[in-house]
Amino acid sequence: MTDNGKAKSGSGGAYTINLDNFSKRLKVFYDHWNGNKSDLWGSSDAIAIATPPPSDDLRYLKSSALNVWLLGYEFPETIIVFIQKQIHFLCSQKKANLIGTLKKAANEAVGADIVLHVKGKNGDGIDLMDNILRAVSAQSKSDTPVVGHIPKEAPEGKLLEAWAEKLSGESVQLTDVTNGFSELFAVKDATEIICVKKAAYLTSSVMKNFVVPTMEKVIDEEKKVSHSSLMDDTEKIILDPLKAKVKLKAENIDICYPPVFQSGGKFDLRPGASSNDDYLYYDPTSVIICAIGARYSNYCSNVARTFLIDATPTQSKAYETLLKAQEAALAACKPGNQMCMVYQAAVAVFENNAPEFLSNLTKSAGTGMGLEFRESGLNLNPKNDRLIKEGMIFNICLGLNNVQAETNNEKTKQFSLLLADTALVTDKTVEILTNCSKAVKDVAYSFNEDEEEVPKPKRPKVEMSGLEAVHSKATLRSDNQEMSKEEQRRQHQAELARQKNEETARRLAGGGSGSGDGRGPARASNELVAYKNVNDVPSPRELVIHVDQRNEAVLLPIYGSMVPFHVSTVKSVTSHQDNRTCTIRIFFNVPGMPFSNDNNLKSQGAIFLKEITFRSKDPRHSSEVVQQIKTLRRQVASRESERAERATLVTQEKLQLATNKTKQMRLNDLWIRPPFGGRGRKLSGTFEAHVNGFRYSTSRADERVDIMYANIKHAFFQPAEKEMITLLHFHLHNHIMVGNKKTKDVQFYVEVMDVVQTVGGSRRSALDPDEIEEEQRERDRKNRINMEFQNYVNKVNDHWSQPQFKGLDLEFDIPLRELGFHGVPHKASAFIIPTSTCLVELIETPFLVVTLGEIEIVNLERVGFGTKNFDMAIVFKDFKKDVLRIDSIPSSSLDAIKEWLDTTDLKYYESRLNLNWRPILKTIIDDPRQFVEDGGWEFLNMEASDSEAEEESEESDQGYEPSDAEPESESEDDDSSSASLVQSDEDEDEDSDEESEEDKGKTWDELEREATNADREHGAESDSEEERRRRKVKTFSKSGPPPQRGSGSSSKHHPSPGRGSSGKSRPPPDRGSSKGGLSKKPKFR
């Protein structure tokens, strides 16, 4: 007898049966028997179950399953006979003592008495069998009662053989009740589901933590390891779950079958397959199949994966189609569907995508699973019309057998594929319990022996022709065809340039993409109401400036009356003290000023007050009034800004909290960025993963943030190495509010090191024991925190692998630190790190997250001999989005960056100067057809431009003469827009200082200058000759003098770069065209 989790061991090694489970399941059994007696139980008057003696072989019997399901133990050499009013047990004395404790529970549950028939050690039990059969005849009121049994289980041992002989007599009629037990065991209760989940967790953990790493090590080190030795090692890991990082009791663990490893062209997809003694075969185009199954408390689970080594196109297509077919089969496992529909869903995928593999498909999509590895009657084949019910558990198993490959190698000319998962049918869908990746990127391996010395990031797998796939290594080893990395990169970039120009042409032909300015609608002056009627205006005792905090108004004494103004109409307020007099100046928002939204018909007849000045002899009151106005204005502006931001938020779904039954995934004592507002002491919080999103909360009720899984665009996990923090970062599709801040980036982090300040000025020795111990504590703390975060990330990734999140494509991405480089993305230098899908900087704020899929091209600027730094300009596919600049990248990182860009299939160009991208993108948007006809992005190709320029210089010796029709504002525009990103940020900060305390209103002269500049931007040519000359001198002083006539420069016009300088200066473009589009053959440098 073995404990399966339901029977509990008492003191002194004695066993006890779980009475609650016994009562509940006995009632379920009798109700099922009585309710389906004629359909499933053969109209039986009694049901006789005989359990054979124990065996060392792995076998699954319905009699053993009934013992475990009902009693919690397997009772060998025991006969159980169920009749309506009695339950008879024929067994040994020791078993009878244990079963005797169930008498009261059986009577209360179904009204049946337990009758014990104890067989002596040397007795044959014949007389006891006669007593049982007489009791059956007495209760059935028939001379030949109908007795249900399981005919497929052959009797073993003297006791069961004698019992079989008794039943075969003329005194009873026998009927098969196998279908009844199959239906009874099909739907699992909560306790059974927990056991299966634990078994599935162990199975997938062994696959992820042992099988895959071991196989990768064998292949990487080119070891000779046999399938049978891998089988033995894996079985030992299953039976010792702690080695697979699983905390389950070893006494409850067993294997479902010996682990299966197959390769080298010899495949057997039948459930009873075994591992042979051949060595694991992992040469190119080989296939490796691994299948393992574990039992917890006798409940089974199964997982099977196929691994591809340098796969051919046929193998890749077959695997991708099989994966889609299994996903379709899983989707068809819904309550109410017939079981045949599961297999039909898989067949439909092959018919639509790869009909050539249909004949190789296995004949079923799996079976039901539980106490038996294959439950009879629950086969997912095309003939089974039984209905799927909630609570059923299936082994969804699909394979392709003996597919012909396009190779001549005996060991790879035929291959097989197998995928299997344990799945639970829930109320609406199916839940995959074996969370072990089967995506192509995780099971397809590509090994290149000749490049082992140089670590490179994994390149996205490009589908090759069969000839290239077979001879790829031979080509790399060939000395005659050897190419340098730079040449290979140049060829790949040329191909990318062609693809990128075609893609850009298609996108621009479709109307392009753009976005608004992102500025929310401001409230018009007619919406600002401080008082609804005159009677609400307070009457101060004195004619002095009064601030009404409650109604958000400022009352000003004008001509003997108190005139109210809503504080939102106040642009700024200043005070100036001169001797004994204090002057207060209040400036108001009026139409025509920047960001004013009152240029509408309603305000045409209105009279506006722009500025008002008061003098006072009371400096104290004056300073108080100014301070009150500023404070109230700041509060109202903050509230309105938050209101406008909230109005633009996308409505999120409601968070579904995890129930108590679901083990919550939680991290404690985390900090959040951006932080919550408020002046109180900042508090750390708890970060929890729930059904459809995350929740971060502190002990304060108003400090809570919910992040829905559907709103996550990218998720990053960055462990602390050289930094002070370990973090989880989420880049979102739509903005959310954190406190009163609107953000798309939310980060949760823990400081791995405490800030320690040494008391005393003495220097401590590096060999100081206290210093060494302190460093060791810091390392241990960092490793512990990193491990906690890693475990949390693994659990969330497993949760995201469920079918309902498949469309979200969520997975935590870890930055590839070895590919990182230093640069200035905003104002300060930072360490920027690529990931598999993004380019990120997650330590310094503001954060940088650039999705690689949104990048059009990358231009490396200021690249040349002798320069210590260069810049990177990232152009997005949305041409209305500003180009992102990363400045001051060390030149030592240039080759690594070019290699990374090439491996991620990003087209890059190089230039010696910085380009002014705003007019370039505007020109492309205005005339995309001309841009495509002129070669697309090839105007950035520095090498091609240089060669063409040299050819053209031989044909023409004419210099450049500035045209009088050239817009004179160009130099100013170039200077302003081509300034570094740091400078532009500072300019934006200066613009945003309009609301600062020292802000002042614009004079009429300033407004006049703004109007003049606006006229210039619209093409007015009213500048004087003197102004034009002054601006040209200013322009050429930055970029060098224009080339003289006959200097050999190209006669084709090039837009001049807005920043930087070089010994080879380029003339500015000819902007004489009324369209302002690209010239016939543009060359941008």
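Residues numbered from 1 in each chain as written. Predicted model: local features only at pLDDT ≥ 70, side-chain atom pairs only at ≥ 80, totals over all residues. Heavy atoms only, no water.

1. Focus: the overall build of the chain
Along the backbone of the chain there are 25 helices and 42 strands. Scored against the burial criterion, the 1085 residues of the chain give a buried share of 46%. If you take every contact in the chain between residues at least 6 apart in sequence, the share linking residues at least 24 apart comes to 67%. Here the chain displays about 56,700 Å² of accessible surface, and carbon together with sulfur accounts for 48% of that area. (Helix = DSSP H or I, 4+ residues; strand = E, 2+ residues; numbered from the N terminus. Buried < 20%, exposed > 50% of the residue type's maximum accessible area, 1.4 Å probe, protein only. Contact = heavy atoms within 4.5 Å. Areas by Shrake-Rupley, 256 points an atom, 1.4 Å probe, with all protein chains shown as cover.)

2. A closer look at helix H18 (residues 894-903)
Here H18 lies mainly inside the structure; eight of its ten residues are buried. When H18 is considered as a whole, its buried residues turn out to be Leu894, Ile897, Lys898, Glu899, Trp900, Leu901, Asp902 and Thr903.

3. Section: a negative patch on the surface
Where like charges cluster on the molecular surface, the negative patch consists of Glu216, Asp220, Glu222 and Asp283. Tracing the backbone shows Glu222 in the loop between helix H8 (190-220) and helix H9 (227-239). (Patch = residues over 30% accessible without salt bridge, like charges linked within 9 Å, V, L, I, M, F, W, Y side chains within 5 Å. Salt bridge = Lys/Arg side-chain N within 4 Å of Asp/Glu carboxyl O. Lys, Arg positive; Asp, Glu negative; His and termini not counted. Charge placed at Lys NZ, Arg CZ, Asp CG, Glu CD.)

4. Overview of the nonpolar core
In this structure, Phe29, Phe82 and Phe181 are the most contacted members of the largest nonpolar core, which totals 135 residues. The biggest single contributor to this core is H8, with 14 residues. Residues Phe676, Tyr709, Ile712 and Ala720 belong to the second largest nonpolar core, which totals 34 residues. (Core = buried A, V, L, I, M, F, W, Y, C linked by side-chain atoms within 4.5 Å.)

5. Concerning the packing of helix H5 (residues 126-140) against helix H6 (residues 157-167)
Contact pair H5 / H6: the axes reach a minimum separation of 10 Å and the direction vectors enclose 40°. In this view, H5 runs oblique relative to H6, as classed from their interaxial angle. Note on packing geometry: the crossing formed by H5 with H6 is right-handed. Every residue of H6 that contacts H5 at Ile126, Met129, Asp130, Ile132 and Leu133 is listed here: Leu159, Ala162, Trp163, Lys166 and Leu167. Residue composition of the contact of H5 with H6, grouped by class: eight nonpolar, no polar and two charged. (Axes fitted to C-alpha atoms, helices over the stretch in contact; angles between N-to-C directions. Parallel < 35°, antiparallel > 145°, perpendicular 65-115°, else oblique. Left-handed = near helix turned anticlockwise from the far one by under 90°. Nonpolar A, V, L, I, M, F, W, Y, C, P; charged D, E, K, R; others polar.)

6. Looking at the packing of aromatic side chains
Within the structure shown, the criterion is met by 34 aromatic pairs. Here Phe29 and Phe82 contribute two aromatic rings whose centre-to-centre distance is 4.8 Å and whose plane-to-plane angle is 65°, an arrangement assigned as edge-to-face. With Phe29 in helix H1 (residues 19-35) and Phe82 in strand S4 (residues 78-82), the pair connects residues that are 53 residues apart, well separated along the chain. By relative accessible area, Phe29 is classed as buried at 1%. Pairing Tyr696 with Phe748 gives two aromatic rings, centres 5.1 Å apart and planes at 40°, and the pair type is tilted. With Tyr696 in strand S29 (residues 693-697) and Phe748 in strand S33 (residues 741-751), this pair connects stretches of sequence that are 52 residues apart. You'll find Tyr696 and Phe748 in the same group, each marked buried. Through pairs of rings, three or more aromatic residues link up here, namely Phe676, Phe687, Phe694, Tyr696, Tyr709, Phe730, Phe748, Tyr792, Trp800, Phe805 and Phe812. Over the face of the ring belonging to Phe876 we find Lys881, whose NZ or CZ atom lies 4.3 Å from the ring centre. (Phe/Tyr/Trp six-rings, centres within 6.5 Å; stacked < 30°, edge-to-face > 60°. Lys NZ or Arg CZ within 6 Å of the ring centre and 35° of its normal.)

7. Observations regarding the environment of Leu133
Looking at the secondary structure, you find Leu133 in helix H5. Between the alpha carbons of Leu133 and Ser171 there is a distance of 8.5 Å; along the sequence they are 38 residues apart. Each residue touching Leu133, except ones within four places of it in the same chain, is listed here: Trp163, Lys166, Leu167 and Val172.

8. Examining the sheet that holds strand S35 (residues 821-823)
Backbone-to-backbone hydrogen bonds pair the strands of a sheet. The strands run either parallel or antiparallel. Reading across from one edge, S35-S36-S37-S38 is the order of the four strands in this open sheet, with antiparallel pairing throughout. Either end of the sheet is taken by a strand with one partner, and the two such strands are S35 and strand S38 (848-851). On average, each strand axis in the sheet is inclined to that of its neighbour by 25°, with strand direction left out of account. The sheet contact formed by strand S36 (residues 830-834) and strand S37 (residues 838-841) spans two bridges and is antiparallel. Bridging across to S37, Pro834 finds its partner in Leu839. (Pairing = 2+ DSSP bridges.)

9. Considering the pairing of S4
Counting buried residues in S4 gives five out of five residues, a clear majority hidden from the surface. Bridge count for strand S3 (residues 46-51) against S4 is five bridges, and the pairing is antiparallel. Within the sheet, the bridge partner assigned to Thr51 lies in S4 and is Thr78. Examined bridge by bridge, S4 and strand S5 (residues 86-91) share four bridges and lie antiparallel to one another. Following the sheet pairing, Ile79 is matched in S5 by Leu90. The hairpin formed by S4 and S5 contains three residues between the paired strands.

10. What to know about the sheet that holds strand S12 (residues 294-296)
Sheet architecture is open: three strands sit in the order S9-S12-S13, paired in antiparallel fashion. In this open sheet, the two strands that pair with only one neighbour each are strand S9 (253-255) and strand S13 (299-300). Strand direction decides the pairing type here: S9 and S12, joined by three bridges, are antiparallel. Each bridged residue has a counterpart across the sheet, and for Ile255 the counterpart in S12 is Ala294. In the packing of H8 onto the sheet, the strands contacted are S9, S12 and S13, and the crossing angle to S12 comes to about 145°.

11. Topic: the environment of Ala553
By the element assignment, Ala553 lies in strand S22 (residues 553-558). Spatially, the C-alpha atom of Ala553 lies 8.6 Å from that of Tyr531, the residues being 22 residues apart in sequence. Other than its neighbours up to four places away in sequence, Ala553 contacts Ala530, Tyr531, His546, Val547, Asp548, Phe565, His566, Val567 and Leu632.

12. Remarks on the pairing of S38
Residues Leu848 and Val850 of S38 are buried on one face, and the alternating residues Val849 and Thr851, pointing to the opposite face, are buried as well. For S37 and S38, the ladder comprises four bridges, and the chain directions are antiparallel. Counterpart to Cys838 in the pairing with S38 is Thr851. Counting the residues between successive antiparallel strands, the hairpin from S37 to S38 contains six residues.

13. Considerations on H9
Here H9 is 13 residues long and its end C-alpha atoms lie 19 Å apart, about the 18 Å a rise of 1.5 Å per residue gives. For H9, the set of buried residues is His227, Ser228, Leu230, Met231, Thr234, Ile237 and Ile238. (Expected span 1.5 Å × (residues − 1).)

14. With respect to unusual backbone geometry
With an omega of 0°, the peptide bond running from Arg673 to Pro674 counts as cis. Looking at the element boundaries, Pro674 is found in the loop between strand S27 (665-673) and strand S28 (685-689). For the bond from Thr845 to Pro846, the omega torsion is -5°, close enough to zero to count as cis. Unusually for a residue other than glycine, Asp310 sits at a positive phi of about 45°. The topology assignment puts Asp310 in the loop between strand S14 (303-309) and helix H10 (313-332). The class of Asp310 is buried, set by a relative accessible area of 12%. Of note in this structure, Arg862 is not a glycine but carries a positive phi near 60°. Position of Arg862 relative to the elements: it lies in the loop between strand S39 (855-861) and strand S40 (869-876).

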